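# Understanding the architecture of this molecule
Chain by chain, the residues:
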Amino acid sequence: MGVNGQSADPRVSRSKFEREIDEFRRFASDYAKRGWLLAEADFPRAFVVMAAPQLKPPPIVTGVQFDYTDYDLRPPSVRLADAFGREPYKASELPTTLLRQTESEALPAGLALPPGMLAQRMIQQQPLMQSYGPDELPFLCIAGVREYHEHPAHSGDRWELHRREGAGRLARILEIIDTYGIRPINGYGVNLVPQVSGLTQGEVPA
Amino acid sequence: MPPKKIDIAVVVNGEPTEVAANPKAPLKTVIPKALEQTGNTGQPPENWELRDGNGTLLDTSKKTETFGFSKEVRLFLNLKAGVGGGWA
């Protein structure tokens, strides 16, 4: 690994980073309507704020910290982060885990069907944000993200297989976060905690 | 006489291109053209999603003309999430 995690020619990484930013800015008004706002871009990092414009008032849901160091020899690092302080969220702090619905024919471990019976497809929800524990930094578990490809469980799905598909491009990763984390939001969760403040009295007798 | 083609701006993973579309053909016919024009040939067209400017996923099996696109329309084509969300 080279200086500051950069092995590729820094001019190449910078040029590709600037292409990402230029293309985002070209369609910035379209993206803004969807709640995607580029807050900062300074090679190798970009910070995008994502809001949910479908709600009134619209909430800022999360920030997304991109790090394009060594791109595209390596994929970009992607972290969900506090939109104001820019600190990456721990797993327990995530405003969204990017739940995704998947279908599976596999049975839970330890279960088996009687002979001749066909398994029904099971629908399950799976978070795209994965972590080892609530105090750990979660990562976006999809191809095209550095933390995914550097995880030992994904050594068989190398970045080189996805690099030419544009899997690490800014717009594509934002689209996925939007699809699973922003667009499904359809309201505010509210907890009301009634408190007894005393007794009330009806008609006052003469 | 074949129907007059319409030009549709498609932004592929953030990169713009313009595709000549047959209004009588399903919208999905623009996908391979947009991918080819932007050099994104590593994944088949079914692994891509086409959305309008509001981010709404489009039913690409419908004829292009049914969407009533204006001349200024811009569609967004992005690679699907693929396998993910698990450790292995």
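Think of each chain on its own: its residues are numbered from 1, step by step along the sequence as written. Written order determines the labels here, with chains lettered from A and ligands numbered from 1. Whole-chain, interface and lining totals are the exception, using all residues; otherwise, since this is a predicted model, local features are given only for residues with pLDDT of at least 70 and side-chain atom pairs are given and counted only at 80 or more. As a rule here, side-chain values come from all non-hydrogen atoms in the structure, and water together with hydrogens is ignored.

## What to know about the pattern of salt bridges
Any two side chains of opposite charge can pair if their charged atoms end up close together. To keep it simple, the criterion reads: By definition, a salt bridge exists where a carboxyl oxygen of Asp or Glu is found within 4 Å of a side-chain nitrogen of Lys or Arg. Under the DSSP-based scheme used, a helix requires at least four consecutive residues in state H or I and a strand at least two consecutive residues in state E, with every element numbered from the N terminus. Throughout, exposure labels follow a simple rule: accessible area from a 1.4 Å probe, protein chains only, divided by the maximum for the residue type, with under 20% read as buried, over 50% as exposed, and the rest as partly exposed.
This model, assessed by the stated rule, comprises 18 salt bridges over all chains. In this structure, A:Asp72 and A:Lys16 form a salt bridge, with 2.9 Å as the shortest nitrogen-oxygen distance. In this pair, A:Asp72 is assigned in the loop between strand 3 (60-67) and strand 4 (77-81) and A:Lys16 in helix 1 (residues 10-26), connecting sequence segments 56 residues apart. Residue A:Arg169 is joined to B:Glu15 by a salt bridge in which the shortest nitrogen-to-oxygen separation is 3.4 Å. With A:Arg169 in the loop between helix 3 (146-149) and helix 4 (170-182) and B:Glu15 in strand 2 (residues 15-21), the pair connects residues from two separate chains. A relative accessible area of 5% places A:Arg169 in the buried class. With relative accessibility at 22%, the residue B:Glu15 sits in the partly exposed group. Within this structure, A:Arg19, A:Glu20, A:Glu23, A:Arg169 and B:Glu15 form a network of salt bridges that share partners.

## Re the packing of aromatic side chains
Applied cut-off: Pairing of aromatic rings covers Phe, Tyr and Trp, the last counted by its six-membered ring, and requires centre-to-centre distances within 6.5 Å; plane angles under 30 degrees mean stacked, over 60 mean edge-to-face, and any other angle means tilted. Counted as over-ring charges are cases with an Arg CZ or a Lys NZ within 6 Å of the ring centre that also lie within 35 degrees of the ring normal.
This structure, assessed with the given rule, holds 9 aromatic pairs over all chains. Judged by centre distance (6.3 Å) and plane angle (85°), the rings of A:Phe27 and B:Phe76 are edge-to-face. One end of the pair, A:Phe27, is in the loop between helix 1 and helix 2 (28-33); the other, B:Phe76, is in strand 4 (residues 74-79), on a second chain. In this structure A:Phe27 comes out as buried when scored by relative accessible area, which is 3%. Ring geometry for A:Phe66 against A:Tyr68: centres 6.1 Å apart, planes inclined by 20°, an arrangement best described as stacked. With relative accessibility at 0%, the residue A:Phe66 sits in the buried group. One aromatic cluster is present, built from ring pairs that chain together A:Phe17, A:Phe43, A:Phe66, A:Tyr68 and A:Tyr71. Its guanidinium or amino end placed over the ring of A:Phe47, A:Arg86 lies 4.5 Å from that ring's centre, counting from NZ or CZ.

## Quick look at the interface of chain A and chain B
For the record, the criterion: Any two residues whose heavy atoms approach within 4.5 Å are treated as being in contact. Here's the idea: put two parts together, see how much 1.4 Å probe accessible area each one loses, and the total over both is what we call buried area. What qualifies as a polar contact is a pair of N or O atoms within 3.5 Å, subject to a donor-acceptor requirement within protein and to the restriction that residues adjacent in sequence count only when both atoms come from side chains.
Counting residues at the interface gives 31 residues for chain A and 28 residues for chain B. For the pair chain A and chain B, the summed buried area comes to about 2600 Å², and 48% of that belongs to carbon and sulfur atoms. Interface area lost by chain A to chain B is led by A:Phe27, A:Glu165 and A:Arg172, which between them contribute 23%. Taken together, chain A and chain B are joined by 3 salt bridges. Counting across the interface, chain A meets chain B through 12 residue pairs in polar contact (both at pLDDT 80 or more). Where the side of chain A that touches chain B is concerned, the elements lending two or more residues are helix 1, helix 2, strand 6 (122-127) and helix 4 of chain A.

## Observations concerning the sheet that holds strand 2 (residues 45-51) of chain A
All names here are of chain A. Counted only if it meets this: Two strands make a pair as long as DSSP finds a minimum of two bridges between them. Helix axes are fitted only over the stretch in contact, all axes being lines through C-alpha atoms; the angle between N-to-C directions runs from 0 to 180 degrees.
In spatial order, the strands read 1-2-3-4; together these 4 strands make up an open sheet with antiparallel pairing. Looking along the sheet, the strands with just one partner apiece sit at the ends: strand 1 (36-42) and strand 4. Geometrically, the sheet is characterised by an average inter-axis angle of 20° between neighbouring strands, direction not taken into account. The sheet contacts of helix 1 involve strand 1 and strand 2, and relative to strand 1 the element is tilted by about 150°. Where helix 4 meets the sheet, its contacts fall on strand 1, strand 2, strand 3 and strand 4, and the angle it forms with strand 3 comes to roughly 150°.

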